[in-house]
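Coordinate inspection notes
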Amino acid sequence: MRKLAAGNWKMNGTAASLSEVAALLRDHPTPVCEMLLCPPATLITQMAALAKGTALHIGGQDCHAKSSGAHTGDVSASMLMDAGATHVILGHSERRTDHAETDAQVNAKAVAAIGVGLVAVVCIGETEGQRDAGQTLDVIGTQLAGSVPDGSTAATLVVAYEPVWAIGTGRTPTLQEIADVHRFIRERLTAKIGAEAAGVRLLYGGSVKPSNATEIFAVPHVDGALVGGASLKASDFGAIVAALSAA
Ligand code: 13P
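Residues numbered from 1 in each chain as written. Predicted model: local features only at pLDDT ≥ 70, side-chain atom pairs only at ≥ 80, totals over all residues. Heavy atoms only, no water.

**Overview of the side chain of Lys 109**
Position of Lys 109 among the secondary structure elements: in helix α5 (residues 103–116). Classification of Lys 109 by relative accessible area gives buried; the value is 11%. Side-chain polar atoms of Lys 109 contact the side chain of Glu 101, separated by 2.8 Å. Those residues in contact with Lys 109 that sit more than four places away from it in its chain are Asp 62, Cys 63, His 64, Ala 65, Leu 90, Arg 95 and Glu 101. (Helix = DSSP H or I, 4+ residues; strand = E, 2+ residues; numbered from the N terminus. Buried < 20%, exposed > 50% of the residue type's maximum accessible area, 1.4 Å probe, protein only. Polar contact = N/O pair within 3.5 Å; in protein donor to acceptor, adjacent residues only side chain to side chain. Contact = heavy atoms within 4.5 Å.)

**Quick word on the state of the cysteines**
Overall, the coordinates contain zero disulfides when judged by the stated rule. Free of any disulfide, Cys 63 has its nearest neighbouring cysteine sulfur in Cys 38, separated by 12 Å. Overall, the relative accessible area of 0% leaves Cys 63 in the buried class. (Disulfide = S-S within 2.5 Å.)

**Concerning the packing of helix α1 (residues 18–27) against helix α2 (residues 44–51)**
At a minimum axis distance of 10 Å, the contact between α1 and α2 shows a crossing angle of 20°. The pairing of α1 with α2 is recorded here as roughly parallel in orientation. Handedness of the crossing formed by α1 with α2: right-handed. Counting all contacts with α1, which are made through Leu 18, Val 21, Ala 22 and Leu 25, the residues of α2 involved are Gln 46, Met 47, Leu 50 and Ala 51. Among the residues making up the contact of α1 with α2, the classes are represented as seven nonpolar, one polar and no charged. (Axes fitted to C-alpha atoms, helices over the stretch in contact; angles between N-to-C directions. Parallel < 35°, antiparallel > 145°, perpendicular 65-115°, else oblique. Left-handed = near helix turned anticlockwise from the far one by under 90°. Nonpolar A, V, L, I, M, F, W, Y, C, P; charged D, E, K, R; others polar.)

**Quick look at the site of the ligand**
Taken together, 13 residues surround the ligand, and among them Lys 10, His 92, Gly 168, Ser 207 and Gly 229 come closest. Separating an oxygen atom of the ligand from a side-chain N or O atom of Lys 10 is a distance of 2.8 Å. The contact in question runs from an oxygen atom of the ligand to an N or O atom on the side chain of His 92, over 2.8 Å. Starting from 300 Å² of accessible surface for the ligand in isolation, the protein chains cover 94%. Here the shell around the ligand is composed, by residue class, of four nonpolar, seven polar and two charged. (Near = heavy atom within 4 Å. Areas by Shrake-Rupley, 256 points an atom, 1.4 Å probe, with all protein chains shown as cover.)

**Points about the nonpolar core**
Counting 64 residues, the largest nonpolar core has Leu 56, Val 159, Ile 185 and Leu 189 as its most contacted members. Considering every element that reaches this core, the biggest residue donor is helix α8 (residues 175–193), with seven residues. Of all hydrophobic cores here, the second largest spans 12 residues; its members include Val 119, Val 121, Cys 123 and Leu 226. (Core = buried A, V, L, I, M, F, W, Y, C linked by side-chain atoms within 4.5 Å.)

**Points about the environment of Gly 141**
Along the chain, Gly 141 turns up in helix α7 (residues 136–147). Through-space distance from the C-alpha of Gly 141 to that of Ile 185 is 7.4 Å; in sequence the pair is 44 residues apart. Those residues in contact with Gly 141 that sit more than four places away from it in its chain are Phe 184 and Arg 188.

**Some thoughts on the pairing of strand β2 (residues 34–38)**
Within β2, five of the five residues are buried, which leaves the element mostly enclosed by the surrounding structure. Side chains Glu 34, Leu 36 and Cys 38 project from β2 onto one buried face, and the interleaved Met 35 and Leu 37 project onto a second face that is buried too. Relative to β2, strand β1 (residues 4–8) is paired through five bridges, and the arrangement is parallel. Counterpart to Gly 7 in the pairing with β2 is Leu 37. Between β1 and its parallel partner β2, the chain crosses via α1, and the hand of that crossover is right-handed. Bridge count for β2 against strand β3 (residues 56–60) is three bridges, and the pairing is parallel. Of the residues in β3, the one forming a bridge with Leu 37 is Ile 58. Note that the unit made of β2, α2 and β3 has a crossover that is right-handed. (Pairing = 2+ DSSP bridges. Right-handed = clockwise from strand over helix to strand, strands pointing away.)

In structure tokens:
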């Protein structure tokens, strides 16, 4: 399995930000791990042009479940593909919160994405209240069962575990807590899609930085990271890529 360092730029970045991508490619032209950046939709075409022929993959941050039609403001999976994306993040907690996305909707989007040949990066994670109430594994199990399409394979699916309370807060679970959730995800995924689950990359996300990347990447069943804030700067994301390549 090739590990994956993925960056989610969220609603950040303009054409000027592409200089960070150029710097990343200059400093990490041939990393051992796989690299993915998911900019806002407005930058996909330009970033994909910059990444053409390099080790960097480009992804979207959401797609509609339908392929086209009267859905103002939305982008379809085939449009992402056409713009140069190879991956798409789906069911990020900010989508689930801001747009009330359900597991069923995330599943339908993942089916659409996989259907056109994109890799679906499906996000799951508990809130602080759910963790405090001891519901973490229940929540993760429900989200996983509902959001991941049947028949997913190691080539079509990546799962990102992002505890909502760790996103953008500088707080992270303990390494044991990450280990427990990732082992649980692997088990549940195996029950759902069989032997393919062994090759599905399980990413940890939530306040991953150069300073904590190495210890997180040493946790069993952590096959990479989904990085928010630290993916915006080439030096920080590059350091995370280097840490994962060395893991
Ligand atoms: P931060 O790395 O900024 O905590 O964001 C994580 C995230 O939500 C990535 O999708």
